[in-house]
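A structural walkthrough
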Amino acid sequence: MRTIFFILLFLAMVPVKAQLLLVPDQVFDGEILHSNWVVLVTENRITFAGPIASLKNSRSYEKKELKGMTLMPGIIEGHSHLLLHPYNETEWNDQVLKESPVERAIRGVVHAKKSLMAGITTMRDLGAEGAGYTDVYLKKTIEDGIIPGPRLLVAGPAIVATGAYGPKGFHDGVTVPLGAEPVSGKAEAIREVRTQLGNGANFIKIYADYRWGKDEPSQPTFLQEEIDAMVATATSAGRYAIAHASTPEGMRRAILGGVETIEHGDGGTMEIFKMMKEKGVGLCPTLAAGDAIERYKGWKKGMEPDTDRISKKKKSFKLALESEVDIVFGGDVGVYSHGENYREMELMAEYGMQPLKVLQSATSVNARIFHLDELGRIQKNFLADLIAVEGNPITDIKKMRKVTFVMKDGVVYED
Ligand SMILES: [Zn+2]
């Protein structure tokens, strides 16, 4: 009797690990689509993914049917600004100048939740745009479980060349907050990289080109030696740098300097894209930002011919696809509404990318490029970041508009 009592007591003390078996119609594992697969989640990890017949598990689990649905890895948004909201609500200048960091943080909390509910379980946030290190604090509060939101990789304030960034339009006697930290020369650049890394930036964002005056075309900003110094400082600290660049020369300097991704890349040529491919630099095309900005200016998509900006972007994106450079899914969300991340996927497909490739980009490709070794795939031992959509997004990318199930780190947020 005593022995039985102690055995029972022992069994009661062994924690029973919560297990959930997900049974969808099909599974997109980050690479390809499988029919008749099931996925077992134990606590916060995937412990089985494959045909149900191969599931050897004596322990009990809770079963969840996802009828008519495709289960896939949580989406990894590659270019977001949680601290910005659509420019047709408030222009960028006014957000930076008139909205306090507190207001922007409160908005950011709402944006983080919307993103997660839209199936974005990881986000690379590319600059607080004048809100200091608010992105670092949003990340902390999400990790501490205070607010719901995606896993964040954050840039902090980002770095621009002195005089190159906005808000602009004031006489030289007026000091205004800037959208990023300005530096000139190697010494200042190195100091700022170290400051931002020390304050919690996961990587460094530099602006390799920008428009120097209103309505002017972009021109390179940093000298090669400044870019080289910033990238070397970041990499020697075990982190990395990425660059905003849209001119061929800005892109070339950033690539030669050793950045890991180029953001926008509107003016990319075949030579530049091939150079990126050769050096393993990813291209984040941010198609949805350009599309949104043209609409804000009055362009009626579908009823009017493509604007100059849109037709140029379509051409350069086509070149990028031909060059086989890695395409990073990232739409510059924040320029348009948070939670509408699917807009970038639809445009990638519309501009010529196979929907399967689009979904790979948004999962396994982004995970590889962002050094996320345990995310972006449905595979044994990977973290349980999983979403489901109705139907098959590989035959209809618009299915990504409605995410019906969201799990992050084994916790169900939407069902
Ligand atoms: Zn951006």
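Per chain, residue numbering runs from 1 following the sequence as it is written. Restriction of local features to residues with pLDDT of at least 70 applies here, the model being predicted, together with a cutoff of 80 or more for giving and counting side-chain atom pairs; totals for whole chains, interfaces and linings are based on all residues. Where side-chain values are given, they derive from all heavy atoms of the structure, hydrogens and water being excluded.

**Considering the side chain of Thr-122**
Strands here mean DSSP runs of E at least two residues long; helices mean DSSP runs of H or I at least four residues long; both are numbered from the N terminus. Among the secondary structure elements, Thr-122 is positioned in strand β7 (residues 120-125). A simple rule labels every residue: compare its accessible area, found with a 1.4 Å probe on the protein chains alone, to the largest value its type can have, and call it buried under 20%, exposed over 50%, or partly exposed in between. Relative accessible area serves as the criterion here: at 2%, Thr-122 is assigned to the buried category. Once residues lying within four places of it in the same chain are set aside, the contact partners of Thr-122 are Ile-75, Ile-76, Glu-77, Pro-150, Arg-151, Leu-372, Leu-375 and Asp-385. In this analysis, two residues are considered to be in contact whenever any of their non-hydrogen atoms come within 4.5 Å of each other.

**Focus on the side chain of Ser-316**
Within the fold, Ser-316 resides in helix α10 (residues 308-323). For Ser-316, a relative accessible area of 6% corresponds to the buried category. Residues contacting Ser-316, with those up to four places away along its chain left out, are Gly-265, Asp-266, Gly-268 and Phe-273.

**Overview of the coordination of the zinc ion**
A 2.8 Å cut-off from the metal defines N, O and S donors, relaxed to 3.2 Å for Na, K and Ca; water is not in the atom list, so some sites may appear incomplete. The protein atoms donating to the zinc ion are His-79 (NE2), His-81 (NE2) and Asp-332 (OD), with metal-donor distances spanning 2.1 to 2.3 Å. Mapping the donors of the zinc ion onto the primary sequence gives the spacing H-x1-H-x250-D. For His-79, a relative accessible area of 0% corresponds to the buried category.

**Considerations on the nonpolar core**
Counting residues in hydrophobic clusters, the biggest one holds 77 residues, and the most contacted among them are Ile-75, Ile-206, Ile-262, Met-276, Met-345 and Met-400. A domain assignment, automatic or from a database, supplies the domain bounds used here. Counting only domains with at least three residues in this core, you end up with domain 1 (19-73 + 378-414) and domain 2 (75-370). Look past the residues within four positions of Met-400 in its chain and what remains in contact with it is Met-72, Ile-75, Tyr-342, Met-345, Leu-359, Ile-387, Val-389 and Pro-393. Take the buried residues of types Ala, Val, Leu, Ile, Met, Phe, Trp, Tyr and Cys, join any two whose side-chain atoms come within 4.5 Å, and each joined set is a nonpolar core. Within the second largest apolar cluster, 17 residues are counted, among which are Ile-46, Met-69, Ile-378 and Leu-386.

**As for unusual backbone geometry**
With omega at -5°, the peptide bond leading from Gly-166 into Pro-167 counts as cis. On the secondary structure map, Pro-167 appears in the loop between β9 (159-161) and β10 (181-183). For Glu-324, which is not glycine, the phi dihedral falls at a positive 65°. One can find Glu-324 in the loop between α10 and α11 (342-350). Unlike most non-glycine residues, Asp-332 shows phi in positive territory, near 70°. Summarising the element assignment, Asp-332 is placed in the loop between α10 and α11. Take Asp-332: its relative accessible area is 8%, and that puts it in the buried class.

**Some points on the sheet that holds strand β6 (residues 75-80)**
DSSP calls a pair of strands paired once it identifies at least 2 bridges connecting them. Ordered in space as β6-β7-β8, the 3 strands form an open sheet in which the pairing is parallel. At either end of the open sheet lies a strand with only one pairing partner, and these are β6 and β8 (151-154). Mean inter-strand twist for the sheet, computed between neighbouring axes without regard to direction, equals 15°. Two elements, β7 and β8, share 4 bridges in a ladder whose sense is parallel. Opposite Met-123, over in β8, you have Leu-152 as the bridge partner. Contacting β7 and β8, helix α4 (residues 134-143) runs over the sheet at an angle of about 160° to β8. To get an axis, a line is fitted to the C-alpha atoms, and for a helix only the part in contact is used. The angle between two axes follows their N-to-C directions and goes from 0 to 180 degrees.

**Looking at the domain arrangement of the chain**
As a measure of interface size, the accessible area lost when the parts come together is often cited. Examined at the domain level, the chain breaks down into domain 1 (19-73 + 378-414) and domain 2 (75-370). Its C-alpha centre places domain 1 at a distance of 30 Å from the equivalent point of domain 2. With 21 residues of domain 1 at the interface, the matching set in domain 2 holds 23 residues. Accessible-area loss on putting two parts together, using a 1.4 Å probe and summing over both, is the definition of buried area adopted here. For the domain 1 and domain 2 pair, buried surface summed over both sides reaches about 1,900 Å², with 66% attributable to carbon and sulfur atoms.

**Quick notes on helix α5 (residues 185-198)**
Expected helix span is given by 1.5 Å per residue-to-residue step, counting one fewer step than there are residues. For α5, with 14 residues, the first-to-last C-alpha span of 20 Å sits near the 20 Å given by 1.5 Å per residue. Along α5, the positions that sit buried rather than exposed are Ala-189, Glu-192, Val-193, Gln-196 and Leu-197. For α5, the arc enclosing every buried residue in end-on projection is 130°, short of the 170-degree limit, so these residues lie on one face. Opposite its buried face, α5 presents the exposed residues Ala-187, Arg-191, Arg-194 and Gly-198, each directed more than 90 degrees away. Looking at the buried residues of α5, the elements they touch are β9, β10, β11 (204-207) and α6 (224-236). Positive phi appears at Gly-200, one or two residues downstream of α5, with a value of about 115°. Here the arc refers to the set of directions running from the helix axis out to each C-beta atom.

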